[in-house]
Amino acid sequence: FAPKRLAGRKVLITAGPTFEPIDPVRGITNISSGKMGFALARSCADAGADVTLVAGPVAQPTPRGVRRIDVQTALQMREAVLANVLATDVFIGVAAVADYRPATAADHKMKKTGGEGLTIELVQNPDILAEVAALPNPPFCVGFAAESQNLDTYAAAKRAKKRVPLLVANLVQDGMGGDTNCVVLFDDAGRHPVPAGAKDEVAQAIVAHMAGMLRPD
Ligand code: C5P
């Protein structure tokens, strides 16, 4: 048997997109499938961790042994994370959280007005990962960065800005929505490309790297 590299560790993961309502039938979301976050939850559970998964609206089966909390919006995701982060050893932010939400959601379905455009005011959502990383006694934080260009520069900058020890970067063309992914890990030691593969294989490589960075109990 493979050694249980995360035995006794509590891991909290966010996955999927968020959905930010405009009215009762419409909203803003993105193409995240949740597959990478769910693959990581599965890998962490296989490695012996006690896993809590906060999931946005996705069509993914809950991995065996994983505690799942379903949410819709970024604000709900933040609440669920903050309510569960205490005593967590590792936080992995995989969710593609909407950067902005409509300032207000209409109570009733919005009707078309005669021929004119429509402006929706957006306000910024909180950055859940940065908030967790800034806690007084933070868990080991892992961030994800999906970029469409300049992967290395953006990834290194994001790791520094959010103050996370490990950042997983991928080009959106390579990963978002699909079953495979091609990622590069960034930590204090530098840049570590992971062989491209199925999201489950990539998740196992990320978990192995991450487990090697954790302080012994
Ligand atoms: O800044 P950007 O959205 O590219 O950062 C991506 C990383 O930050 C991911 O780990 C994502 O889960 C996390 N994030 C977050 N809350 C946000 C935006 C991003 O936790 N509002």
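Looking at an unreviewed UniProt entry, one finds the protein named Coenzyme A biosynthesis bifunctional protein CoaBC and attributed to Niveibacterium umoris.

Undergrad: Break down the site of the ligand for me, with residues and values.
TA: Around the ligand sit 13 residues in total, of which Gly 93, Ala 95, Pro 126, Leu 129 and Lys 158 are the nearest. In this structure, Gly 93 approaches the ligand through a main-chain N or O atom, which is 2.5 Å from an oxygen atom. With respect to the ligand, the side chain of Lys 158 contributes an N or O atom lying 2.4 Å from an oxygen atom. For the ligand, whose accessible area on its own is 440 Å², the fraction buried by protein is 85%. According to the grid-proximity analysis, the pocket containing the ligand is the largest pocket.

Undergrad: Got a sec to walk through unusual backbone geometry? Specific residues and values, please.
TA: In this structure, Ala 87 is a non-glycine residue whose phi angle is positive, near 70 degrees. Residue position: Ala 87 is located in the loop between α2 (74-84) and β6 (90-93). Owing to a relative accessible area of 61%, Ala 87 belongs among the exposed residues under this scheme. A positive phi is found at Asn 150, a non-glycine position, where the angle reads about 45 degrees.

Undergrad: Explain helix α6 (residues 199-213) residue by residue, including any values.
TA: In this model α6 runs 21 Å from its N-terminal to its C-terminal C-alpha over 15 residues, within 8% of the 21 Å that 1.5 Å per residue would give. Those residues of α6 lying buried are Lys 199, Val 202, Ala 203, Ile 206, Val 207, Met 210 and Ala 211. End-on, the buried residues of α6 take up no more than an arc of 170 degrees, which puts them together on one face. Relative to its buried face, α6 has exposed residues pointing more than 90 degrees away, namely Glu 201 and Gly 212.

Undergrad: Tell me about the side chain of Asn 170, residues and numbers included.
TA: Structurally, Asn 170 is set in strand β10 (residues 166-171). Under the relative-accessibility criterion, Asn 170 is labelled buried at 7%. Engagement of the side chain of Asn 170 in a polar contact is seen with the side chain of Asn 181, the distance being 3.4 Å.

Undergrad: Lay out the pattern of salt bridges in plain terms, naming residues and giving numbers.
TA: This model, assessed by the stated rule, comprises ten salt bridges. Salt-bridge contacts for Arg 26 lead to Asp 23; the nearest nitrogen and oxygen are separated by 2.4 Å. Under the relative-accessibility criterion, Arg 26 is labelled partly exposed at 34%. Here Asp 23 falls in the buried class, since its relative accessible area comes to 3%. Among the salt bridges present, the one from Arg 191 reaches Asp 152, with a minimum N-O distance of 2.5 Å. Within this pair, whereas Arg 191 is found in strand β13 (residues 190-193), its partner Asp 152 is found in helix α4 (residues 151-162), the two being separated by 39 residues in sequence. Arg 191 sits in the partly exposed class, given a relative accessible area of 43%. Overlapping salt bridges bring together Arg 78, Glu 79 and Glu 131 as one network.

Undergrad: Could you give me a rundown of a nonpolar patch on the surface, with the residues and numbers involved?
TA: On the surface, Tyr 100, Leu 118, Ile 120 and Leu 122 cluster together to form a nonpolar patch covering roughly 380 Å² of accessible area. Tracing the chain through its elements places Leu 122 in strand β8 (residues 122-124).

Undergrad: Could you give an account of the pairing of β6, naming the residues involved and the relevant values?
TA: Along β6, one buried face is formed by Val 90 and Ile 92 and the opposite face, lined by Phe 91 and Gly 93, is buried too. Where strand β1 (residues 10-15) lies against β6, four bridges are found, and the strand directions are parallel. Note on β6: the bridge partner recorded for Leu 12 is Phe 91. In terms of strand pairing, β6 meets strand β9 (residues 140-147) through four bridges, oriented parallel. Bridge pairing links Phe 91 to Cys 141 in β9.

Undergrad: Just give me the short version of the packing of helix α1 (residues 35-46) against α6, but keep the residues and values in it.
TA: As a packed pair, α1 and α6 sit with axes 8 Å apart at the nearest point and diverge in direction by 55 degrees. In this view, α1 runs oblique relative to α6, as classed from their interaxial angle. Between α1 and α6 lies a crossing whose hand is right-handed. Each of Lys 35, Met 36, Ala 39, Leu 40, Arg 42, Ser 43 and Cys 44 in α1 lies in contact with α6, whose residues at this interface are Lys 199, Asp 200, Val 202, Ala 203, Gln 204, Ile 206, Val 207 and Met 210.

So, how was this worked out
- Residues numbered from 1 in each chain as written.
- Predicted model: local features only at pLDDT ≥ 70, side-chain atom pairs only at ≥ 80, totals over all residues.
- Heavy atoms only, no water.
- Near = heavy atom within 4 Å.
- Polar contact = N/O pair within 3.5 Å; in protein donor to acceptor, adjacent residues only side chain to side chain.
- Areas by Shrake-Rupley, 256 points an atom, 1.4 Å probe, with all protein chains shown as cover.
- 1 Å grid on protein atoms, 1.4 Å probe; cavity = no way out; pocket = protein on both sides within 12 Å on 5 of 7 lines; lining within 4 Å.
- Sits in = over half its atoms within 2 Å of the grid points.
- Helix = DSSP H or I, 4+ residues; strand = E, 2+ residues; numbered from the N terminus.
- Buried < 20%, exposed > 50% of the residue type's maximum accessible area, 1.4 Å probe, protein only.
- Expected span 1.5 Å × (residues − 1).
- Arc of directions from axis to C-beta.
- Salt bridge = Lys/Arg side-chain N within 4 Å of Asp/Glu carboxyl O.
- Patch = residues over 30% accessible without salt bridge, like charges linked within 9 Å, V, L, I, M, F, W, Y side chains within 5 Å.
- Pairing = 2+ DSSP bridges.
- Axes fitted to C-alpha atoms, helices over the stretch in contact; angles between N-to-C directions.
- Parallel < 35°, antiparallel > 145°, perpendicular 65-115°, else oblique.
- Left-handed = near helix turned anticlockwise from the far one by under 90°.
- Contact = heavy atoms within 4.5 Å.

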